[in-house]
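Here's the letter readout for the chains.
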Amino acid sequence: MNEQAGIKPYVIGLDLGGTNSVFGIVDSRGEIKATTAIKTGGYDSAEAYVDACVNALQPIIEQVGGIEKIKAMGIGAPNGNYYTGTIEFAPNLPWAHETKVPLAQMFSDKLGGIPVALTNDANAAAIGEMVYGVARGMKNFIVITLGTGVGSGIVVNGQLLYGCDGFAGELGHVTMVRGKEGRSCGCGRTGCLEAYCSATGVARTARELLATTTRPSILREMKPEDITSLDVSIAAGKGDELAKEIYEFTGHMLGEACADFAAFSSPEAFIFFGGMVKAGELIMKPIRESYNEHVLKIFRNKAQFLVSGLDGASAAVLGASAVGWEIQ
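Below, the structure is looked at part by part. (Residues numbered from 1 in each chain as written. Predicted model: local features only at pLDDT ≥ 70, side-chain atom pairs only at ≥ 80, totals over all residues. Heavy atoms only, no water.)

### Things to note about the side chain of serine 198
Residue placement: serine 198 occurs in the loop between helix H4 (194-197) and helix H5 (199-212). Side-chain polar atoms of serine 198 contact the backbone nitrogen of glycine 201, separated by 3.0 Å. In this structure, serine 198 is in contact with Gly147, Thr148, Gly149, Val150, Leu193 and Met276, ignoring residues within four places of it in sequence. (Helix = DSSP H or I, 4+ residues; strand = E, 2+ residues; numbered from the N terminus. Polar contact = N/O pair within 3.5 Å; in protein donor to acceptor, adjacent residues only side chain to side chain. Contact = heavy atoms within 4.5 Å.)

### What about the pairing of strand S12 (residues 269-273)?
Note on strand geometry: in a regular strand, side chains alternate between the two faces of the sheet. A large share of S12 lies buried, amounting to four of its five residues. Pairing geometry for strand S9 (residues 141-146) and S12, over five bridges, is parallel. If you follow threonine 145 over to S12, its bridge partner there is phenylalanine 273. A crossover connection joins S12 to the parallel strand S13 (residues 304-307) through helix H8 (residues 281-294); in handedness this β-α-β unit is right-handed. (Buried < 20%, exposed > 50% of the residue type's maximum accessible area, 1.4 Å probe, protein only. Pairing = 2+ DSSP bridges. Right-handed = clockwise from strand over helix to strand, strands pointing away.)

### Things to note about the pairing of strand S8 (residues 116-120)
Across the five residues that make up S8, a large majority, five, are buried. Relative to S8, strand S4 (residues 70-77) runs parallel, the two sharing five bridges. Within the sheet, the bridge partner assigned to alanine 77 lies in S8 and is asparagine 120.

### Quick word on the sheet that holds S4
The strand order across the open sheet formed by five strands is S3-S2-S1-S4-S8, and the pairing between neighbours is mixed. Either end of the sheet is taken by a strand with one partner, and the two such strands are strand S3 (32-39) and S8. On average, each strand axis in the sheet is tilted by 15° relative to the strand beside it, whichever way the strands run. As defined by bridge partners, strand S1 (residues 10-16) adjoins S4 across six bridges and the pair is classed as parallel. Looking across to S4, one finds that isoleucine 12 is bridged to methionine 73. Across the sheet, helix H9 (residues 315-325) touches S1, strand S2 (20-27), S3, S4 and S8, and the angle it forms with S1 is around 130°. (Axes fitted to C-alpha atoms, helices over the stretch in contact; angles between N-to-C directions.)

### Concerning the nonpolar core
One finds Phe270, Phe272 and Tyr291 to be the most contacted residues of the largest nonpolar core, which totals 46 residues. Sorting the residues of this core by element identifies S9, strand S10 (150-156), H4, H5, helix H6 (229-237), helix H7 (241-265), S12 and H8 as the ones contributing at least two each. Broken down by element, this core gets its largest block of residues, 11 residues, from H7. Discounting chain neighbours no more than four positions away, the residues touching tyrosine 291 are Gly255, Cys258, Ala259, Ala262, Phe270, Phe299, Ala303 and Phe305. Core analysis: the second largest hydrophobic core is formed by 37 residues, Ala46, Leu93, Leu111 and Ile114 among them. (Core = buried A, V, L, I, M, F, W, Y, C linked by side-chain atoms within 4.5 Å.)

### Let's talk about unusual backbone geometry
Notably, serine 266 is not glycine yet its phi reads approximately 40°, a positive angle. If you trace the backbone, serine 266 turns up in the loop between H7 and S12. A relative accessible area of 39% means that serine 266 is categorised as partly exposed. Within the chain, asparagine 301 stands out as a residue other than glycine whose phi angle is a positive 65°. If you trace the backbone, asparagine 301 turns up in the loop between H8 and S13.

### Quick notes on the sheet that holds S9
Pairing is mixed across the open sheet formed by five strands, whose spatial order is S11-S10-S9-S12-S13. Pairing within the sheet leaves two strands with one partner each, and these edge strands are strand S11 (159-160) and S13. Relative to S11, S10 runs antiparallel, the two being bridged by two bridges. Residue valine 156 lies in a different strand from S11, and its bridge partner there is glutamine 159. In the packing of helix H3 (residues 121-132) onto the sheet, contacts are made with S9, S10, S11 and S12, and the angle to S10 comes to roughly 50°.

### Some remarks on the environment of valine 11
Structurally, valine 11 is set in strand S1. C-alpha separation for the pair valine 11 and alanine 37, spaced 26 residues apart in sequence, amounts to 16 Å.

### Focus on the packing of aromatic side chains
Applying the stated criterion across every chain yields a total of 10 aromatic pairs. Measuring from ring centre to ring centre gives 5.6 Å for phenylalanine 270 and tyrosine 291, while their planes differ by 65°; the resulting arrangement is edge-to-face. Highlighted residues: phenylalanine 270 in strand S12 and tyrosine 291 in helix H8, separated in sequence by 21 residues. Looking at phenylalanine 270, the relative accessible area reads 0%, which means it is buried. Its relative accessible area of 2% is what places tyrosine 291 among the buried residues. Pairing phenylalanine 272 with phenylalanine 305 gives two aromatic rings, centres 6.4 Å apart and planes at 15°, and the pair type is stacked. (Phe/Tyr/Trp six-rings, centres within 6.5 Å; stacked < 30°, edge-to-face > 60°.)

Such coordinate-based values are descriptive only and should not be taken to indicate function.
Next comes the structure, spelled out in C-alpha cells:
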C-alpha cells in the first residue's frame, strides 16, 4: 500500500467505543493478524487509559515481530478530530467528557514515536469502506452508520470531508422535525435524524406506537422499556405489522434525509453500516423509495444504496487501521 509496507507491514487499528476498546494489528490486505481488547471506562484519567491500552497491546505487537514491524496506528473514536489528533468533549468517555485529550500524541509517545492518526468513528468507517470495502474505486460516497446514534462519513472527489475544524459531516444531527413536536436528542437539540433513525430511535418509535394505539403486536409481550431495535427487527421478520410499520417510518425518514444530502455532494452511493442494517429490505426498501420520491429530479436513480461490505465484527477495527495506512 506504500513503499514502507515491505519493511513495516502492519498498522494498529483501535476502535475506541464507549464500552470497549478493540485493537487489531492489520496488514495491507486488510487481514487482521492479532487482536486484543480492554474496557474503555474505569480509568480516572486519559493517561491511565493509555497506559492500560499499551500494556494490552504489547503481547500482540510482539506476536507480529515487535514495534519495528508497525508502520503506524489509526484510531476511530467518538468526537475525534483528525486535524488535531484530539478527542474533544466526548459525552460517553469519562476521561474526555469535560476536556480535550491529545490522544494521538499520547499513544505515539508510548509506542516508540510511531505516527498515530485519529478521526471520528464514522469517518473511520468511510475510509475503511474506501480501502477494504464496497467503496473501493469510488470517489464520491456517504457512509451512514446506524447504531446507538447516527454517524456519517462523507467522501468527495476521493477525499474525506473534514471541514475547517475537523468536525464536518454530522448528518445525524440535521433537523428532520422542527418545532415542539421534535424529539429531544442527546446533542441537546430537538428533531435530529439520530433521535428517530438510530437503534435507540427505533425503540423509541416502537414505544410511542404501542402507547398510542391498541393494535396487536408481539412487542406487547415485552415491557416497553426493554424493547430494542433488535426486538423490532425480529418481530418484523415474523410478519408483525406494527413492527414493519416502524421500519417503514424509519426507512422513509432516512430516505428523505439522503435526498437532502444528495443536493450538496451528489454521491454515487450511500453505504449503510450497523446492526440495524441486518433488517435487510425491511429498512433498505423504504429508504430507496423515499429517496426517489424526495430527491431532486436531476439526482433521481443515480445513487446506489449499499450495505457495508466489511464483516461486522471487525469492520470498525479495519476502518481505524485504514486511517493508519493513510498517514503519509
